[in-house]
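Spelled out from the first residue to the last, the chains are:
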Amino acid sequence: VGNSGVAGIKFAGWICTGSASLLSESIHSIADLGNQVLLAVGLQQSLRVADEQRPYGYGFEVYVWAMISGVSTFILGAGASVYHGVSCLLAPHEIDSLPTALGVLLAAGVLEGYTLSVAWHEM
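Here the structure is a predicted model, which means the values were calculated and not measured.

**Some details on a nonpolar patch on the surface**
Thought 1: Side chains of Val64, Met67, Ile68, Val71, Phe74 and Ile75 sit close together on the surface and give an oily, nonpolar patch of about 590 Å² of accessible area.
Thought 2: Mapped onto the elements, Ile75 comes out in helix 3 (residues 61-90).
Thought 3: What makes Ile75 exposed here is its relative accessible area of 53%.

The following block contains the structure:
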């Protein structure tokens, strides 16, 4: 929930300001959201009980999904960042509203801090 809110705020900030860094940050937040979904799938899959096909259970499946999550996040994130960075260097764009961009980053920081505190208390 936290990352989807952060992604939405950053995407709205990009629409309002045209800031390349906010677009990059919104893509990063969407990648984080996808990462969390893949890890949740892996956790759910690993909790299945042992059966005839897998007599030792499915516990190691969490590691497979973590690997899929990490590799896909790295490849997609690196590809998007390189493409976006090069395109913005070739065709730079002025920020329309610096206070809006800073407000968006501040709001995203508050949401990220809240998400961190929730995760910290769950440990």
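**Some points on the environment of Glu25**
Thought 1: Of note, Glu25 is situated in helix 2 (residues 20-46).
Thought 2: Exposure remark for Glu25: the relative accessible area of 31% places this residue in the partly exposed category.
Thought 3: Note: C-alpha distance between Glu25 and Lys10 (15 residues apart in sequence) is 6.6 Å.

**Some details on helix 4 (residues 98-122)**
Thought 1: End to end, helix 4 covers 36 Å across 25 residues, agreeing with the expected 36 Å (1.5 Å per residue, within 8%).
Thought 2: Three or more residues of helix 4 are buried, namely Ala101, Val104 and Ala108.
Thought 3: Looking at the buried residues of helix 4, the elements they touch are helix 1 (2-17) and helix 2.

**Topic: the layout of surface pockets**
Thought 1: Within this model, the largest pocket holds a volume of roughly 300 Å³.
Thought 2: Looking at the largest pocket, it is lined by 10 residues, and the ones nearest its centre are Gly2, Gln36, Thr115, Val118 and Ala119.
Thought 3: At the level of elements, helix 1 and helix 4 are the ones that each hand at least two residues to the lining of the largest pocket.
Thought 4: Here the lining of the largest pocket gets six residues from one element, more than from any other, and that element is helix 4.
Thought 5: The residue inventory of the lining of the largest pocket, partitioned by class, reads four nonpolar, four polar and two charged.

**Some points on the side chain of Ser69**
Thought 1: Assignment of secondary structure puts Ser69 in helix 3.
Thought 2: The class for Ser69 is buried, based on a relative accessible area of 1%.
Thought 3: Ignoring any residue separated from it by four or fewer positions in sequence, one finds Ser69 in contact with Asn35, Leu38 and Leu39.

**Some thoughts on the packing of helix 1 against helix 4**
Thought 1: Contact geometry for helix 1 and helix 4: axes closest at 9 Å, N-to-C directions at 175°. On the basis of their axis angle, the class for helix 1 and helix 4 is roughly antiparallel. For the pair helix 1 and helix 4, the contacting residues are Gly2, Asn3, Gly5, Val6, Ile9, Lys10, Gly13, Cys16 and Thr17 in the first and Thr100, Ala101, Val104, Ala107, Ala108, Leu111, Glu112 and Thr115 in the second.
Thought 2: Split by residue class, the contact of helix 1 with helix 4 holds eight nonpolar, seven polar and two charged.

What counts and how
- Residues numbered from 1 in each chain as written.
- Predicted model: local features only at pLDDT ≥ 70, side-chain atom pairs only at ≥ 80, totals over all residues.
- Heavy atoms only, no water.
- Patch = residues over 30% accessible without salt bridge, like charges linked within 9 Å, V, L, I, M, F, W, Y side chains within 5 Å.
- Areas by Shrake-Rupley, 256 points an atom, 1.4 Å probe, with all protein chains shown as cover.
- Salt bridge = Lys/Arg side-chain N within 4 Å of Asp/Glu carboxyl O.
- Helix = DSSP H or I, 4+ residues; strand = E, 2+ residues; numbered from the N terminus.
- Buried < 20%, exposed > 50% of the residue type's maximum accessible area, 1.4 Å probe, protein only.
- Expected span 1.5 Å × (residues − 1).
- Contact = heavy atoms within 4.5 Å.
- 1 Å grid on protein atoms, 1.4 Å probe; cavity = no way out; pocket = protein on both sides within 12 Å on 5 of 7 lines; lining within 4 Å.
- Points joined across faces, edges and corners; volume = space filled by probe spheres on them.
- Nonpolar A, V, L, I, M, F, W, Y, C, P; charged D, E, K, R; others polar.
- Axes fitted to C-alpha atoms, helices over the stretch in contact; angles between N-to-C directions.
- Parallel < 35°, antiparallel > 145°, perpendicular 65-115°, else oblique.

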